[in-house]
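Residue-level structure breakdown
Residue strings, one per chain:
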Amino acid sequence: MSCTICGLPALDLSKLGRKLRNGARLMIGQGDYEAYAAHRRENHPDEPAMTREEFFLERQASRFGEGGRRALRCC
């Protein structure tokens with residue numbers, strides 16, 4: 001649908017909100033669980049996927065360098 005005055009596409013606020021939320025999560029090192037789950041279903045259907053909590057903890061460990069991992073830092 002587009003605006004009748006200017007002809008530009010209508011703004012989908014729910015889609016915009018999802019994109020902003022996902023972008024903010026990626027900026028702080030928290031990946032998108034839904035994208036991860038979809039990737040696992042499509043590319044690795046015979047392998048188990050992490051739960052949402054396991055995914056969160058794995059991303060957190062990766063971000064802060066827990067378990068012997070090197071942390072992603074700017075300096």
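Shown above is the structure to which this text applies.
Residues numbered from 1 in each chain as written. Predicted model: local features only at pLDDT ≥ 70, side-chain atom pairs only at ≥ 80, totals over all residues. Heavy atoms only, no water.

Quick look at the overall build of the protein
For clarity, the cut-off: Each helix is a run of DSSP H or I of at least 4 residues and each strand a run of E of at least 2, with the numbering of both proceeding from the N terminus. Relative accessibility thresholds used throughout: buried, under 20% of the residue-type maximum; exposed, over 50%; partly exposed, between the two (1.4 Å probe, protein chains only). In this analysis, two residues are considered to be in contact whenever any of their non-hydrogen atoms come within 4.5 Å of each other. Areas reported here follow the Shrake-Rupley algorithm with a probe of radius 1.4 Å; residue values treat only the protein chains shown as occluding.
Counting its regular elements, the protein contains 3 helices and 0 strands. Reading the protein from its N end, one meets helices and strands in the order α-α-α. In the protein, which comprises 75 residues, the proportion classed as buried is 15%. Pairs at least 24 apart in sequence give 21% of the contacts found in the protein among residues at least 6 apart. In the form shown here, the protein has an accessible surface area of approximately 6,400 Å², with 59% of it arising from carbon and sulfur atoms.

Details of the pattern of salt bridges
Pairing between side chains becomes possible if they bear opposite charge and their charged atoms approach one another. Spelled out, the test is: The working definition used for a salt bridge is a side-chain nitrogen of Lys or Arg within 4 Å of a carboxyl oxygen of Asp or Glu.
By the definition in use, this model includes 3 salt bridges. Of the charged contacts, one joins E34 and R52 as a salt bridge, the two residues approaching to 2.8 Å between their closest N and O atoms. One end of the pair, E34, is in helix α2 (residues 33-43); the other, R52, is in helix α3 (residues 52-64), with 18 residues separating them in the sequence. Judged by relative accessible area, R52 falls into the partly exposed class, the value being 47%.

Side note on a nonpolar patch on the surface
Note the threshold: Surface patches are drawn from residues lacking salt bridges whose relative accessible area is over 30%; two like charges belong together within 9 Å, two nonpolar side chains (Val, Leu, Ile, Met, Phe, Trp, Tyr) within 5 Å.
On the surface, a cluster of nonpolar side chains totalling about 440 Å² of accessible area is made up of L11, L13, L16 and L20. As for its placement among the helices and strands, L13 is situated in helix α1 (residues 13-27). Residue classification places L13 among the exposed positions, given a relative accessible area of 60%.

Re the side chain of R40
Let me state the cut-off plainly: Contacts described as polar in this section are N or O atom pairs within 3.5 Å, which, within protein, must combine one atom able to donate a hydrogen with one able to accept it, while residues neighboring in sequence count only if both atoms come from side chains.
Mapped onto the secondary structure, R40 falls in helix α2. Here P48 takes part through its backbone oxygen, which lies 3.2 Å from a polar atom of the side chain of R40. Beyond its immediate chain neighbours, meaning those up to four positions away, R40 contacts P45, E47, P48 and A49.

As for the environment of I28
The topology assignment puts I28 in the loop between α1 and α2. Measuring from C-alpha to C-alpha, the distance between I28 and R63 comes to 8.3 Å, with 35 residues separating the pair along the chain.

Some points on a positive patch on the surface
This is how it is decided: Positive charges come from Lys and Arg, negative ones from Asp and Glu, while His and the chain ends are left out of the count. Working definition for charges: the position is that of NZ of Lys, CZ of Arg, CG of Asp or CD of Glu.
On the surface, K15, R18, K19, R21 and R25 cluster together into a positively charged patch. Locating R18 in the fold gives a position in helix α1.

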